Amino acid sequence: MCGTNNRTELPLAAPESSGCSCCSPGARTQTQTPVEGFEYLVEGLTCGHCVQTVEQAVSAVAGVESATVELVVGGVSRLTVAGAADVSAVRNAVTGAGYSLTAGE
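The sections below set out a description of the structure shown in this document. What you see is a predicted model, and the numbers here were worked out from it, not measured in a lab.

Cut-offs applied
Residues numbered from 1 in each chain as written. Predicted model: local features only at pLDDT ≥ 70, side-chain atom pairs only at ≥ 80, totals over all residues. Heavy atoms only, no water. Helix = DSSP H or I, 4+ residues; strand = E, 2+ residues; numbered from the N terminus. Buried < 20%, exposed > 50% of the residue type's maximum accessible area, 1.4 Å probe, protein only. Contact = heavy atoms within 4.5 Å. Areas by Shrake-Rupley, 256 points an atom, 1.4 Å probe, with all protein chains shown as cover. Pairing = 2+ DSSP bridges. Expected span 1.5 Å × (residues − 1). Arc of directions from axis to C-beta. Salt bridge = Lys/Arg side-chain N within 4 Å of Asp/Glu carboxyl O. Core = buried A, V, L, I, M, F, W, Y, C linked by side-chain atoms within 4.5 Å.

Turning next to the overall build of the protein chain. Of the regular secondary structure elements, the protein chain holds three helices and four strands. In the protein chain, the order of α-helices and β-strands from amino to carboxyl end is α-β-α-β-β-α-β. Residues classed as buried in the protein chain amount to 34% of the 105 residues present. Taking all contacts inside the protein chain whose residues are at least 6 apart in sequence as the whole, residues at least 24 apart take part in 72%. Accessible area of the protein chain: about 5,700 Å², with a carbon and sulfur share of 52%.

Pasting the structure below:
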């Protein structure tokens, strides 16, 4: 895995039924609220590559100390962001990577 975080036992979905955002990006919306240490819900992630793409995009946002994704294939995955970052900047990073940020908890 190119020297990045090693992940094991990631379930894989069939490409034709997965709806992978690499191939079909979701809708885009925007919210303006600064947060520190927050969880987001992300749709469209189907594999380890999707997870790595989102983690790298969000980690590049100013104020983000770390970003990790708990993958739920065919469902809504959980993105946990540590640090202080604006919700709109996180949303832009996720949507810019081709995925849909649906909500936060």
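This paragraph deals with the pairing of strand E3 (residues 76-86). As paired strands, strand E2 (residues 64-70) and E3 are joined by six bridges and run antiparallel to one another. Across the sheet, valine 69 pairs through a bridge with leucine 79, a residue of E3.

For helix H2 (residues 48-59), built from twelve residues, the straight-helix expectation of 16 Å at 1.5 Å per residue is met to within 8% by its first-to-last C-alpha distance of 16 Å. All of the buried residues along H2 are Cys50, Val51, Val54, Glu55 and Val58. Seen from one end, H2 has its buried residues packed into an arc of 125°, which puts them on one side. The inward-facing, buried residues of H2 contact E2, E3 and helix H3 (87-96).

Time to look at the pattern of salt bridges. Pairing of side chains with opposite charge becomes possible as their charged atoms draw close. The final tally for this structure, using the stated rule, is one salt bridge. Among the ionic pairs, arginine 78 bridges to glutamate 39, the shortest N-O distance being 3.0 Å. One end of the pair, arginine 78, is in strand E3; the other, glutamate 39, is in strand E1 (residues 34-43), and 39 residues separate them in sequence. Classification of arginine 78 as partly exposed rests on a relative accessible area of 26%.

Glancing now at the nonpolar core. One finds Leu45, Val54, Val58, Leu79, Val90 and Val94 to be the most contacted residues of the largest nonpolar core, which totals 22 residues. Mapped onto this core, the elements with two or more residues apiece are E1, H2, E2, E3 and H3. If we ignore the near neighbours within four places in the chain, the residues touching valine 58 are Val64, Ala67, Leu79, Val81, Val90, Ala93 and Val94.

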